[in-house]
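Topology and contacts: notes
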Amino acid sequence: MPAVSKGDGMRGLAVFISDIRNCKSKEAEIKRINKELANIRSKFKGDKALDGYSKKKYVCKLLFIFLLGHDIDFGHMEAVNLLSSNKYTEKQIGYLFISVLVNSNSELIRLINNAIKNDLASRNPTFMCLALHCIANVGSREMAEAFAGEIPRILVAGDTMDSVKQSAALCLLRLYKTSPDLVHMGEWTSRVVHLLNDQHMGVVTAAISLITCLSQKNPEEFKTCISLAVSRLSRIVSSASTDLQDYTYYFVPAPWLSVKLLRLLQCYPPPEDGAVKGRLVECLETILNKAQEPPKSKKVQHSNAKNAILFEAISLIIHYDSEPNLLVRACNQLGQFLQHRETNLRYLALESMCTLASSEFSHEAVKTHIETVINALKTERDVSVRQRAADLLYAMCDRSNAKQIVAEMLSYLETADYSIREEIVLKVAILAEKYAVDYSWYVDTILNLIRIAGDYVSEEVWYRVIQIVINRDDVQGYAAKTVFEALQAPACHENMVKVGGYILGEFGNLIAGDPRSSPLVQFNLLHSKFHLCSVPTRALLLSAYIKFINLFPETKSTIQEVLRSDSQIRNSDVELQQRAVEYLKLSSIASTDVLATVLEEMPPFPERESSILAKLKKKKGPGAVSVSELEDGKKEAGSEINGGGGAESAAAASNASTPSPSADLLGLRSGAAGIGSATGAGSLLVDVFSESGTAATASSGTDENFLSSTPSSALGSEDPAPALPESDELLHKFVCKNNGVLFENHLLQIGIKSEYRQNLGRMYLFFGNKTSMQFIGFSTTVTCPGELQSQLNIQTKPVEPLVEGGAQVQQVLNIECLSDFTEAPLLNIRFRYGGTLQNITLKLPITINKFFQPTEMASQDFFQRWKQLSQPQQEAQKIFKATHPMDSEVLKGKLLGLGTALLENVDPNPENFVCAGVIQTKALQVGCLLRLEPNAQAQMYRLTLRSSKESVSKRLCELVAEQF
Amino acid sequence: MRFMLLFSRQGKLRLQKWYTATSEREKKKMVRELMQVVLARKPKMCSFLEWRDLKIVYKRYASLYFCCAVEDQDNELITLEVIHRFVELLDKYFGSVCELDIIFNFEKAYFILDEFLMGGEIQDTSKKSVLKAIEQADLLQEVWEKIENLAKILETLALFIKQ
């Protein structure tokens, strides 16, 4: 029985809950529930009209049953009836039921919206609040459509009660989050911003959440909030702990509001106005000073509230990254927390310091705490804290402390929790590469990694060590010697065998002079591991053997014998059998010269983004600070490291440089690319590729080759050349991304960076002269052929006619989408190089999907809309074969790149993807829904597009179908 | 905030509030997974953990775990105090609240939470304001009952006079 029963007790409900609690078994509980459900059903169906109280009681029971985890499929109508009751508690239960158990039964939604409308108009503040709560709780598209126009009015009306204002602000926020396109602040903007000045602290607290969210999306319009926020913050920070009465929390004045104000300011750069900035810096200093004062209370709530403000202030200081004095003070403060007895503070200090480490002003100050952090890694009892310590060590690592940090992480790895081993392995591998001064240290480190945590060493890590060894001849001998020694261990990890096989196959000759590692000894050592290995590794070893035959003719007969044995040549695995047969034939037919050409040493890999880095990035998600910091580090270190590159470039490069007819048969490189796990590795490769594509800007001069042939077509002609035959393909490369290299030949590279908002876009074109001579008469023209002229408006200024050798010129295009379009605008480039006129025409990758605005919606909303767009001309569908591996992460990335919102948990089949977005053009907005159904078995997709406009559905369908 | 869960040491869910659209199936899965993670943690461990793409902030009060999932940029410590303030509100309303109060008066617990948080954001941090809103509602109920009684009396009276 309840300890307290306030307001209105419902005895029947209490009895029912007691009964359920007394059930001895799950079966008994279900039986009791079924009995109750039958009872309620009969009551609802009965002839006798139920009074409000009974209805409320039964609805409440249903709610309880639902919350126990059982399905409820009736009672909705009774709940809706309660909404129109004028008894508060009945109405309240009705709303609660609706909030928890919304059903997109359209008939019902209409009734609910009606009740809400009545309550909003009732001018009874308690009823209004209930209605607003319900809208916020459900937050569906229909509700947004019905009320998004009304709520801003309630929010800013002069006669609205404070409590209603609070609810209205947060209700609007919820609607804005679910359907941003339906909430138009426009005329209300300034009045909403001024809520920051409201007398009532509760109103300010609620309003600031709304303002922060709106500022993130429309920083320009809400800019005036900066000065208001600073003065509000300043008033709070300087107030005595009792000034704010009920808004003081354990002697801390308005902690929630302070945190939110500091959060809001992080949407903007430092204030431009000197006076405002001065005031803000003062506030931040005061907050840092207060941290040093003795606590006003021993309660943890006091210190939590105080430190919540402190951490948010430090976040703001880091965000500004412009006040060295504050940054160093922040760092010292966090340093104190590193040894605090509260685990929570240690955790947060480690986390926060991680971002501080990336600032040039505080990097050195962070480094002084290295011993404490290493100690944390060794002694913290909580794995999540240790994880933070590892992150921080990684972030604070530079050339001066790399050896120490890598050594500590390696030794930690021996006892590390399984959950974080893989990440630590990746981090060690990256640090070792990034800060390697001598490469023998690098090789030692990676081999140690494999020894200690072989299972957690992903393919990228061992690909990478091989790439680096191949690219650096000063380390090859050392590497061969070291792997040879490592392989002597009786039990060694399969990854070690892979690295060993590959490296000895390439460079075994460098250590063959020593009788202890003579060719035959090397071969026997490798072959002793053969039978314990998986198929992909065996395949790789077979390739190493054929390389051995070339390196050491004296091993030929031994190896041929191995290849000839039944276990190889009749192996049940097709791949192994084929390799054995082909290698055996190759070794017996080919002359030494042919053999030497075919089995030549691998050429160096072209420099690319580290595949390990890409993997870590994928693990962390793109927003992680440590990653962006890492990339910067990578740029600076890039010049020293000669190696690099995703494995797919290896395959491409070797195909190009070894144009031998048997190139495909050579397992070695495909072995390196992970032939056994073809699908897994394949998808990873695609991902690496697209990652580096996005990261590449023309200015950083990556050598991504979308085109290998030079356009020679229109040389000498004065007319714009027709668009290159490849230009459609180039266009499709940019459907899901905004940045990258559009075109490249031996003279010119064109890079693109672009951004879009609503129906507007801006594109930066970078023309790079790859030669050492000038381009003369360089000119570019952008044209919109035919109909496109009235659909797309592109403005630009002419570029400088002279491009120096090695120089780069930039051109900015301003784009406005007037209405939906199908064709792509053309870019014609003309210049003279050494007297010859070059004339190239490309399609500019401006496609209709660039003007998408993502729309989040719940499952029922999606399918309702889907049904609404069911006319045949509104739908476009394509069934097509997969041209890339069907990895769901890659698919997701592409669909997000498309600009739509990827809706989770909408499609009943988890394999399918559904997306929604609105195409913004000046003339109209076109809502689009997309559904992609992969069929992994058949390697096929079915793609369905629905939108209110036929041409849009069709065009999107064409564009999207090219992406998979 | 994405969601808030209250569950007992035995892994019984006592209250759940979701601030983003999530399917029932996914909810059940998340609740199960998260309870497992949190219940496995030892008392002295820190109150924050990374789970999926969310930050989890939790605290145990007697037999109940209060567990919030917040976004990456949200402040962990202040979330901890959101939990504490909610506990204080429950305590004040029920008078030294215990798990049983929340079981038997679950609807009240939801009302209090709704008054305090809306759409995952704090509506008011003042204890007085929030409780005032709840008590007003209780009061409103009583007033209505009185008015109704009065109406009945008047009716009878009118009937009596007619006779």
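Cut-offs and rules
- Residues numbered from 1 in each chain as written.
- Chains lettered and ligands numbered in written order.
- Predicted model: local features only at pLDDT ≥ 70, side-chain atom pairs only at ≥ 80, totals over all residues.
- Heavy atoms only, no water.
- UniProt positions renumbered as here; feature names shortened; annotations may be inferred.
- Helix = DSSP H or I, 4+ residues; strand = E, 2+ residues; numbered from the N terminus.
- Buried < 20%, exposed > 50% of the residue type's maximum accessible area, 1.4 Å probe, protein only.
- Contact = heavy atoms within 4.5 Å.
- Areas by Shrake-Rupley, 256 points an atom, 1.4 Å probe, with all protein chains shown as cover.
- Pairing = 2+ DSSP bridges.
- Axes fitted to C-alpha atoms, helices over the stretch in contact; angles between N-to-C directions.
- Parallel < 35°, antiparallel > 145°, perpendicular 65-115°, else oblique.
- Left-handed = near helix turned anticlockwise from the far one by under 90°.
- Phe/Tyr/Trp six-rings, centres within 6.5 Å; stacked < 30°, edge-to-face > 60°.
- Lys NZ or Arg CZ within 6 Å of the ring centre and 35° of its normal.

- As annotated in an unreviewed UniProt entry, chain B carries the name AP complex subunit sigma and is attributed to Erpetoichthys calabaricus.
- For chain B, the Sequence similarities (unreviewed entry) comment in UniProt is given as "Belongs to the adaptor complexes small subunit family."
- Under the UniProt heading Subunit (unreviewed entry), the note attached to chain B is "Adaptor protein complex 1 (AP-1) is a heterotetramer composed of two large adaptins (gamma-type subunit AP1G1 and beta-type subunit AP1B1), a medium adaptin (mu-type subunit AP1M1 or AP1M2) and a small adaptin (sigma-type subunit AP1S1 or AP1S2 or AP1S3)."

- In the annotation of an unreviewed UniProt entry, chain A is listed under the name AP-2 complex subunit alpha and assigned to Erpetoichthys calabaricus.
- Under the heading Subunit (unreviewed entry), UniProt records this for chain A: "Adaptor protein complex 2 (AP-2) is a heterotetramer composed of two large adaptins (alpha-type subunit AP2A1 or AP2A2 and beta-type subunit AP2B1), a medium adaptin (mu-type subunit AP2M1) and a small adaptin (sigma-type subunit AP2S1)."

1. Brief notes about the overall build of chain A
- Counting its secondary structure elements, chain A contains 42 helices and 16 strands.
- Within chain A, buried positions represent 58% of all 964 residues.
- In chain A, the share of contacts with a sequence separation of at least 24, taken over all contacts with a separation of at least 6, comes to 70%.
- With the model as given, the accessible surface of chain A reaches about 39,700 Å², and the carbon-plus-sulfur share is 51%.

2. Some thoughts on the sheet that holds strand 3 (residues 740-744) of chain A
All names here are of chain A.
- Overall, antiparallel pairing links the 5 strands, which are arranged 3-4-5-8-7 in an open sheet. The sheet terminates laterally at strand 3 and strand 7 (792-796), the two strands that pair on one side only. Shown here is a sheet whose adjacent strand axes are inclined to one another by a mean of 25°, direction ignored.
- The sheet contact formed by strand 4 (residues 748-757) and strand 5 (residues 760-769) spans 10 bridges and is antiparallel. Counterpart to Gly751 in the pairing with strand 5 is Phe766.

3. A short note on the environment of Ala614(A)
- Secondary-structure assignment places Ala614(A) in helix 34 (residues 611-620).
- A relative accessible area of 3% places Ala614(A) in the buried class.

4. Things to note about the packing of helix 26 (residues 473-487) of chain A against helix 27 (residues 494-507) of chain A
All names here are of chain A.
- The interhelical angle for the contact between helix 26 and helix 27, taken along N-to-C directions, is 135°, at an axis separation of 9 Å. One finds that helix 26 runs oblique with respect to helix 27. For the crossing formed where helix 26 meets helix 27, the hand is left-handed. Here Gln476, Ala479, Ala480, Val483, Ala486 and Leu487 of helix 26 lie close against helix 27, whose contacting residues are Met496, Val497, Val499, Gly500, Ile503, Leu504 and Phe507.

5. Describing the packing of aromatic side chains
All names here are of chain A.
- Considering all chains together, one arrives at 31 aromatic pairs over all chains under this definition.
- Here Trp462 and Tyr463 contribute two aromatic rings whose centre-to-centre distance is 5.1 Å and whose plane-to-plane angle is 70°, an arrangement assigned as edge-to-face.
- On the basis of relative accessibility, which here comes to 2%, the residue Trp462 falls in the buried class.
- A relative accessible area of 4% places Tyr463 in the buried class.
- Aromatic ring contacts, followed pair by pair, group Phe767, Phe775, Phe778, Phe831 and Tyr833 into a single cluster.
- Here Lys427 stacks its cationic end above the ring of Tyr394, 5.4 Å away from the centre of that ring.
- Sitting over the face of the ring of Phe734, Lys737 holds its NZ or CZ atom 5.3 Å from the ring centroid.

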